[in-house]
Amino acid sequence: MIHFPSVTIVFLLCVTFLYATKIVDVETIFKEAEEPLFCSTFLKSRPHGVSGDLVSLDKYSIEYVHANITYTVDLIKKLNAQSRDINEEDYYCRCWTHFDLIVYYIVEIQEKTKTGDYTDVQWNADSIITNINNCIYGDSPGDPIFHDTSLLPKYLDVIKKIANIIAIVTIHLS
Ligand SMILES: *[C@@H]1O[C@H](CO)[C@@H](O)[C@H](O)[C@H]1NC(C)=O
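Residues numbered from 1 in each chain as written. Predicted model: local features only at pLDDT ≥ 70, side-chain atom pairs only at ≥ 80, totals over all residues. Heavy atoms only, no water.

A. Representation of the pattern of salt bridges within the structure. Under the definition given, this model contains five salt bridges. Between Glu88 and Arg84 there is a salt bridge, with its nearest N and O atoms 3.2 Å apart. Relative accessible area serves as the criterion here: at 70%, Arg84 is assigned to the exposed category. Between Lys114 and Glu111 there is a salt bridge, with the nearest N and O atoms lying 3.5 Å from each other. Residue Lys114 and its partner Glu111 are both found in helix α5 (residues 86-114); the two are separated by three residues, about one turn of the helix. Glu111 sits in the partly exposed class, given a relative accessible area of 38%. (Salt bridge = Lys/Arg side-chain N within 4 Å of Asp/Glu carboxyl O. Buried < 20%, exposed > 50% of the residue type's maximum accessible area, 1.4 Å probe, protein only. Helix = DSSP H or I, 4+ residues; strand = E, 2+ residues; numbered from the N terminus.)

So, in structure tokens, the structure goes:
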């Protein structure tokens, strides 16, 4: 039998313990996601440099969706400027208002992730989803739905799905 110095054993036990608490089978994340197929495709198609642990997947998802949010704000401003009637203008203005909040929430997510306040991260991720739904469906039930034929619905859908992934990964980190 090989005799390790006890300090090595303690070190190994600590490492094993640390990893054991963070390792969640990524398949679990896929299954819990609102859209398992999207989730698995999204996380699996990450760049090679991003490792598969939850902290890295979380960070990657946050940076990715932040870029999408920034792009979407620009798109909404552009579409708003091109509005041809009052319905269209109302709709893009409403979405613009909600995206003001979404920009705030994604910055909060970044900050709270750094400090490990995962309950706040989850709350902010859920708020992103709520605000996207309000952008699409209006602020009160019965609001007429605007049939948007631009690229915006596709972007909103991606942001919603990734916000959901962030919320789920965060549950396993807390
Ligand atoms: C989202 O952002 C990523 C990263 O910048 C970009 O590659 C991707 O095309 C964007 N996709 C959508 C639908 O917003």
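B. Region of interest: the state of the cysteines. By the definition in use, this model includes one disulfide. Here Cys95 connects covalently by a disulfide to Cys135, the sulfurs 2.1 Å from one another. Of note, the bridge from Cys95 to Cys135 carries an S-S torsion of about 85° and is right-handed in sense. With a gap of 40 residues between them, Cys95 in helix α5 and Cys135 in helix α6 (residues 118-137) connect regions that are remote in the sequence. Side by side, Cys95 and Cys135 carry an identical accessibility label, which is buried. With no disulfide of its own, Cys93 lies 9.5 Å from the sulfur of Cys95, the closest cysteine sulfur. Looking at Cys93, the relative accessible area reads 34%, which means it is partly exposed. (Disulfide = S-S within 2.5 Å.)

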